[in-house]
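Report on the structure
Residues per chain are reported as follows:
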Amino acid sequence: MSTEDRPAPRSLAEALRGRDDASLAGLLRARPDLITPVPTDLTQLATRAGTRASVLRALERLDRFALQTAEALAVAADPATYDEVLGLMAGDAGDPVVTAALPRALGVLREQALVWGGDDRLRLVRTARELLAPSAQHPSPTGLGPTVQEATSGMSPGRIQEIVTTAGLPTTHDSVSAVAALTALFTDRERMAALLDQAPAESLEVLDRLVWGPPYGQVTADPAARLRWLLDRGLLLPTAPGTVVLPREVALHLRAGRAHRAPEPVPPAVEPASSHRPEMVDATAAGQAYTALATVEELLKDWDEGGPAVLRAGGLSVRDLKRTAVALDVAEPVAAFWVELAYAAGLLASDGEADERFAPTPAYDEWLERPPAERWARLAETWLAVTRTPGVIGGRDAKDRTLSALGPGLDRSAAPEVRHRVLSLLAGLPAGGAPSAEAVLERLRWERPLRGPQRDDDLRSRLASWTLSEAELLGVTGRGALSGHGRALIGAPAPHPAGEAPAGPGDKLPVHHRHHQPAVREPLSAAEQAVATAAAARVLAPLLPEPLDHVLLQADLTAVAPGPLKRPLADMLGVLADVESKGGATVYRFTPASVRRALDAGRAASDLHAFLAAHSRTPVPQPLAYLIDDVARKHGHLRVGAASAYVRCDDDALLSEILADRRAAALRLRRLAPTVLAAQADPATLLEGLRGMGFAPAAESAEGDVLITRAHAHRTPPRTAPEPVPDGPPPPDGTLLSAAIRAIRAGDLAATAPRKPAAGTPVSDGDLPRTSSAETLATMQAAVLTGEALWIGYVNAEGTASQRVIAPIRVEGGFVTAYDHTADEVRTYPLHRVTGVAELADD
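Within each chain, residue numbers correspond to sequence positions counted from 1 in written order. Given that the model is predicted, a residue must reach a pLDDT of at least 70 before its local features are reported, and side-chain atom pairs must reach 80 or more before they are shown or counted; all residues, however, enter totals for whole chains, interfaces and linings. To get the side-chain values, take all heavy atoms of the structure and skip hydrogens and water.

Under the scheme used here, helices are H or I runs from DSSP no shorter than 4 residues and strands are E runs no shorter than 2 residues, and both carry numbers assigned from the N terminus. In terms of regular secondary structure, the protein is built from 33 helices and 26 strands. Residues classed as buried in the protein amount to 46% of the 843 residues present. Any two residues whose heavy atoms approach within 4.5 Å are treated as being in contact. Taking the intrachain contacts of the protein between residues at least 6 apart in sequence as the baseline, contacts between residues at least 24 apart amount to 66%. Carbon and sulfur atoms provide 54% of the accessible area of the protein, an area that totals close to 40500 Å². A 1.4 Å probe rolled over the protein chains alone gives each residue an accessible area, and that area as a share of the maximum for its type sets the label: buried under 20%, exposed over 50%, partly exposed in between. Here the Shrake-Rupley method, with its probe set to 1.4 Å, supplies the accessible areas, and only the displayed protein chains count as covering residues.

Here it is in structure tokens:
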């Protein structure tokens, strides 16, 4: 049967039955909750598509104009014609932009099974109408009130006849015809205009205040003359004592037929607020990417021996977050971002011990061995997919508890989708173009408008703002524009030339509006994202600075690293000197304490001289050589061991000097021999005390050997990175969609195929056929010979009953082998589990 000859659908299930597989796939892709689990047939799919939870979810994912169209359908007649909906959207003047955009909006609503029927009988699904239609408890975003029929439903017949007479209409014999006559008057533009021409100016001012909503107002028991004039003619109708409402038909006349004050058929354009050379953007983003790597390394190096303690409720204390921010020289929100990113990437976790602390994981050591571009790509890929949201740290949860870094309650399932969408909008601009944050937020609000009162601090807007700042911190963007490696990270195509716009779904719009249409790209699958991440690493690699194997030593006891250093050099220099400043060039300062730290780690003075000479592009300054020799000469001259603790030295004059020093009073020293002092402090306290006095003692073992102190790297047991919290069911892939559609089609065939009832046994839809074992066997054997299909009832081993359409191939040994149209495959069924069998009707 051709599409033109097909009868109009009488239900949503019939409308779905008329769709092709591509259209059903589009529905299931747009509303993945409908496929979890797979419906048995199209009737069940239609039922599920009309449930309140599913409809709410679908409405929340509509763009603003599609939602406005659904709201217009909710205040239109049921069913409505296309022209009626167009009038509500475009008004009497027929806005050409709205007229051009309406087919797309209705197409979206049809695809998502929120609207069904032809253009002559458009129906909004019942649940959506209940959610969007105006009511006193739930006002409509249109600002419209009830119809005349709804508002007069509780009014006395006599009062209705009085209103009809005062409005200049003839009286009728019943209230139904009177209400119909009043409705016809209010929807007739010419007669309505003539009626309002008679209205006092004060009465028209009242209508002006109510016309765009809210349509309800308060009146006293004795209304003023301007209100009385409106009430007598039904232009205002009472809904409760002291409350009146502007009827929908009157409001639509005053609005020139428009359901919305400001229809928004096209999204706000995202235009570049500033433009930069793409090379500059990439260089800036690459520099920030390197800074991101350095920051994460510095964070985890700082926690290498065991980081802050884990709070009893989980997470990081406010004090520890402040300390981390100071150590990284960043603001606390930025420190929280880096801590959360390292945690999400699996580089940081709790060690799980009795005195639970945060520490790097074994994966951190593996990550350090990767090339810089690959290390950045892992962080960026993690950021793109993670649902943990550092921006909410410091806020309160549903139980009014403070949300802490690395603690529970930070997951926001919409975060990955918002990040991807923001980066996609940036990718749609000419190369080097950076939009304003407000333009991006306006676009996102159009694509996913808030239902209910609009708020500036809605979650999606905050997620978008955080995305823009985090992308800059991470080096995905540079100077507000998407970088080349950032573009590769989301799998975006090459940038279009300046002045042109990428092609997208907007091709259906007129040429002069085409560039306004959002080209929404679906997030990449896991396999596609892995390919895109590898591509991003390849694009970034040549932009990162090559690690250096040298520094520049200066006479003021500093060393300048003009760029990133190779890891062995950076590690050794970090022990031998203290970092004084960071930036494009890192400045290290040599001090007696830092040199002593290197000597404590087991390095000899000759090793330090050789190291500096090998890695300095300038001669080793004499003051630095003197500093190393001077500290080395004193290092180990004093020996500290365990008595409680003792100090021994061959120079008794030096020990006398220590005893005479007032700063040594806290150590409670006393001389045991000319070359030995005993202390009541433990060895560690004694070492710290003597170093604070300016000496360079060395710890020794019980055998008298100098103890070499090296930092002990603390690692957690192997840990897996936290899994993102999904925002509802995941979108189905192509394989699942194909299998689901086959199953739904087959189940629908079994449920709707016409059957021949057994003699004297009528068969109704939904009932399983019931026949005796002998009748079942005989019918099966006959079908094998004729090749006909049968309808059977079947109960599986779990006791679940189902109906199936099969074509028997072989019957033997108590089993029937048949092609199962429901499962679309050949199966074998035990005959004792078949409840009955019926032949399909000829047509």
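Omega for the bond connecting T36 with P37 falls within 30 degrees of zero, at -5°, which places this linkage in the cis form. Between G213 and the following residue, P214, the backbone shows a cis peptide bond with an omega angle of -5°. Note that P214 resides in the loop between α13 (201-210) and β3 (216-218). One non-glycine residue, L557, adopts positive backbone phi at about 65°. Turning to its location among the elements, L557 is positioned in the loop between β12 (552-554) and β13 (558-561). Judged by its relative accessible area of 22%, L557 is partly exposed. Backbone geometry at R668 places phi at a positive 55°, although glycine is not the residue there. By the secondary structure assignment, R668 is in the loop between α30 (652-660) and β18 (669-673). A relative accessible area of 53% places R668 in the exposed class.

Any carboxyl oxygen of Asp or Glu within 4 Å of a side-chain nitrogen of Lys or Arg constitutes a salt bridge here. In this structure the tally under the stated criterion is 38 salt bridges. Close ionic contact of D232 with R159 constitutes a salt bridge, the shortest N to O distance being 3.8 Å. Of the two residues, D232 sits in helix α14 (residues 225-232) while R159 sits in helix α10 (residues 157-166), which places them 73 residues apart along the sequence. Residue R159 is classed as partly exposed on the basis of its relative accessible area of 25%. Of the charged contacts, one joins R421 and E447 as a salt bridge, the two residues approaching to 2.6 Å between their closest N and O atoms. Of this pair, R421 sits in helix α21 (residues 415-427) while E447 is found in helix α22 (residues 437-447), placing the two residues 26 residues apart along the sequence. Like R421, the residue E447 is buried in the burial classification.

Here we take up the nonpolar core. Grouped together as the largest cluster of nonpolar side chains are 91 residues, with contacts concentrated most on L73, F186, L235 and L236. For this core, the leading source of residues is helix α5 (residues 64-75), giving eight residues. With residues up to four places along the chain from it excluded, the contact list for L236 reads V206, L207, L210, L227, L230, L231, V244, V245, L246 and P247. Within this scheme, the nonpolar core is defined by two criteria: the residues are buried Ala, Val, Leu, Ile, Met, Phe, Trp, Tyr or Cys, and they are joined through side-chain atoms within 4.5 Å. Grouped together as the second largest cluster of nonpolar side chains are 52 residues, L341, L474, L482 and L544 included.

This paragraph deals with the sheet that holds β3. Any two strands with at least two DSSP-identified bridges between them are counted as paired. As summarised here, the arrangement of the three strands in space is β3-β5-β4, forming an open sheet in which the pairing is antiparallel. Bordering the open sheet on either side are β3 and β4 (237-240), each of which pairs with just one other strand. Averaged over all pairs of adjacent strands, the angle between their axes in this sheet comes to 40°, without regard to strand direction. Relative to strand β5 (residues 243-245), β4 runs antiparallel, the two being bridged by three bridges. Only the contacting stretch of a helix is used when fitting its axis, a line to C-alpha atoms as for every element, and angles between N-to-C directions run 0 to 180 degrees.

In this section: the sheet that holds β12. Strand order in the open sheet made by the four strands is β12-β13-β15-β14, with antiparallel pairing throughout. In this open sheet, the two strands that pair with only one neighbour each are β12 and β14 (578-581). Adjacent strand axes in the sheet meet at a mean angle of 30° when their direction is disregarded. Where β12 lies against β13, three bridges are found, and the strand directions are antiparallel. Opposite Q554, over in β13, you have T558 as the bridge partner.

Among the structural elements, A349 can be located in strand β7 (residues 348-350). In the structure, A349 is positioned 370 residues away from R719 in sequence and 7.1 Å away in space, judged by C-alpha atoms. In this structure A349 touches Y343, R357, F358, A359, T361, T716 and R719, once residues within four positions along its chain are discounted.

All right, on to helix α12 (residues 189-197) then. For α12, the complete set of buried residues consists of M192, L195 and L196. Along the long axis of α12, the arc covered by the buried residues comes to 95°, so they all point the same way. In α12, those exposed residues whose orientation departs by more than 90 degrees from the buried face are E190 and D197. For α12, the elements touching its buried residues are α11 (175-187), α13, α14 and α15 (248-254). Between the side-chain oxygen of the N-cap and the backbone nitrogen of E190 there are 3.1 Å, and the N-cap of α12 in question is D188. Within this analysis, the arc is defined by the directions that extend from the helix axis to the C-beta atoms. Contacts described as polar in this section are N or O atom pairs within 3.5 Å, which, within protein, must combine one atom able to donate a hydrogen with one able to accept it, while residues neighboring in sequence count only if both atoms come from side chains.

This part covers a negative patch on the surface. Each patch is built from residues that are more than 30% exposed by relative accessible area and take part in no salt bridge. Like charges join if they lie within 9 Å; nonpolar side chains (Val, Leu, Ile, Met, Phe, Trp, Tyr) join within 5 Å. We treat Lys and Arg as the positive residues and Asp and Glu as the negative residues; His and chain ends play no part in the count. Each charge is placed at NZ for Lys, CZ for Arg, CG for Asp and CD for Glu. On the surface, D650, D651, D652 and E657 cluster together into a patch of negative charge. The topology assignment puts E657 in helix α30.

We now examine the packing of α5 against helix α7 (residues 96-111). Put simply, α5 and α7 touch, their axes get as near as 9 Å, and they point 85° apart. Taken together, the axes of α5 and α7 are roughly perpendicular relative to one another. In this structure, α5 uses F65, A66, T69, A70 and L73 to contact α7, whose residues at the interface are V98, A101, L102, R104, A105, L106, V108 and L109. Only Asp, Glu, Lys and Arg are considered charged, only Ala, Val, Leu, Ile, Met, Phe, Trp, Tyr, Cys and Pro nonpolar, and every remaining residue, Gly among them, polar. Its residues assigned to classes, the contact of α5 with α7 comprises eleven nonpolar, one polar and one charged. Angles are sorted into four bins: roughly parallel if under 35 degrees, roughly antiparallel if over 145, roughly perpendicular if 65 to 115, and oblique for all others.

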